[in-house]
Amino acid sequence: MRSLSILSFIFISLAAVATNNLTSEQKAAIATRFATEVKYNFAGYGRFAQDYDSICRAELPNLVATESDEDFGRKITLFANRLGDGHTTVSYSADVAYAPILQKRIGNRVFVTDVFSDEYTSKGVKRGTEIVAINDMPVIEYATEFVVPYVASSTPQWSATYPFNSINLTKGYRGEPIKLTFRNAGGKTFDIVDNRQSPWDIAHTDMTIKFESLPGNIGLLTIPSFQKGDFDPNRFLELADTIFASDGLIIDIRNNTGGNSGYGELVMKLLAKDTIPQASWRTPKYEAAYASWGRPWETIEILSDSIVPIHFQHPQIPQYDKPIVLLVSGNTFSAAEDFTVLFKNAKRGIIMGTPTAGSTGNPIRFDLGWGYWGRICTRHEKLADGTEFIGVGIQPDKIVEETEDVIFGKDNVIEAALQELKK
């Protein structure tokens, strides 16, 4: 998927000081424009038992009758999310912020992974501190009711992973307090009431490529992001000699939510042994003249060219022929899934972890007016052998669930990958 960061398209609104600047006509225009774009451009349109026009007609009275802009924002988000696609949603401008922490879900528990506030640190919040409740509701229950429905999703695994592992868990209107209940390693619980005044850039984490050598001369290549500015192609190519000197490689994209698919293609061009086959892909096609003759909507198939490894084109570059294990999870999304597709199509190694998010496909972004934007997935892809993964996820060769050791210093998934490479 070639697009801006997914975070720029997701907004979760909670109760806030109500404003009512949108007229009924403007609300109707936003909803119907989005529905029209879906009808012409959405790659998954044919999945519906009823067309989106009828859904729009059923929902429009409720959307127009909303009593505030905030209520309309919530409902138009849910209206878009009825499509069940992680790359198809509605976003809008709002003054929002979040608690200065990041967190990760392991099973049915949520742990802090990063802290960006001296106040939080002084009160005992650190990596491994558990979040047990938000606004006096158990954290899983709170997220299921107030967060998950507002995050566009194609699969249960994305809904069960990303909303908990991102800033969306505590995001809300700036100045609106949120009560977080923590539990420390000793079992003591304590509260922090956060007024959501943190600046947007407070949660800056290092998303650049990382490489380290593990026992047995196994390389660990962690790619947190394929976003422009995070993934540096030159930095990756500089690592080539180090990678090639390893006796095996683990590539970790468990927390990679996408970016530019071309970066993942670059990685696979270096690591592939042979040409990489790609399946054809589908996209909607509308022709006005044919429509006037009663011809139904079409979906056309576009053939894809195979990808040629770098060493085929430049014989002076050696072939990396050592075993590789790719680590994925429900948080592996968009361009990171495109990379997983290439890895699987190339039959380059074992995939371990949990099923990926099941969403990719070149979305378009368009102005709905009055501060609202739409985004729609335009391309439906498959694996080279025709296997569906959109709305399903790419299935690992070996399922390995993360344990709490991932939080506390020993990554059980990487350990499993090391054992696999020793065979």
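Throughout what follows, the structure given in this document is the object of discussion. (Residues numbered from 1 in each chain as written. Predicted model: local features only at pLDDT ≥ 70, side-chain atom pairs only at ≥ 80, totals over all residues. Heavy atoms only, no water.)

## Observations regarding the pattern of salt bridges
Defined as follows: One side-chain nitrogen of Lys or Arg within 4 Å of one carboxyl oxygen of Asp or Glu is enough to make a salt bridge. Put simply, DSSP marks the helices as runs of H or I at least four residues long and the strands as runs of E at least two long, and each gets a number from the N terminus on. Burial here depends on accessible area, computed with a 1.4 Å probe over protein chains only, as a share of the maximum for the residue type. Under 20% is buried, over 50% is exposed, and the range in between is partly exposed.
Here the structure, examined in full by the defined rule, presents 27 salt bridges. In this structure, the salt-bridge partner of lysine 104 is glutamate 402, at a minimum N-O distance of 3.2 Å. Separated by 298 residues along the polypeptide, lysine 104 in strand S3 (residues 101-106) and glutamate 402 in the loop between strand S19 (398-399) and helix H13 (412-422) bring together distant segments of the chain. For lysine 104, a relative accessible area of 9% corresponds to the buried category. Note that lysine 382 is salt-bridged to glutamate 388, the shortest N-O span being 3.6 Å. For lysine 382, a relative accessible area of 26% translates into the label partly exposed. Among the charged side chains, a network of salt bridges with common partners joins Lys104, Asp252, Arg254, Glu402 and Asp411.

## Observations concerning the nonpolar core
Stated precisely, the cut-off is as follows: Take the buried Ala, Val, Leu, Ile, Met, Phe, Trp, Tyr and Cys residues and link them wherever side-chain atoms come within 4.5 Å; each set so joined is a nonpolar core. The contact criterion used throughout is that any non-hydrogen atoms of two residues lie within 4.5 Å.
Grouped together as the largest cluster of nonpolar side chains are 34 residues, with contacts concentrated most on Leu221, Phe231, Phe236, Ile243, Leu249 and Ile251. With six residues, helix H9 (residues 261-271) is the largest single contributor of residues to this core. Apart from the residues within four sequence positions on either side, leucine 221 is in contact with Ile209, Lys210, Phe211, Phe236, Leu239, Ile243, Leu249, Ile250, Ile251 and Asp252. Counting residues in hydrophobic clusters, the runner-up holds 27 residues, among them Ile134, Met137, Leu180 and Ile192.

## So, helix H6 (residues 156-165)
The element H6 is extensively covered by neighbouring structure, given that eight of its ten residues are classed as buried. For H6, every residue scored as buried is listed here: Gln157, Trp158, Ser159, Thr161, Tyr162, Pro163, Phe164 and Asn165. For H6, the elements touching its buried residues are S3, strand S4 (109-115) and helix H5 (139-146).

Taken by themselves, the reported measurements are silent on function.
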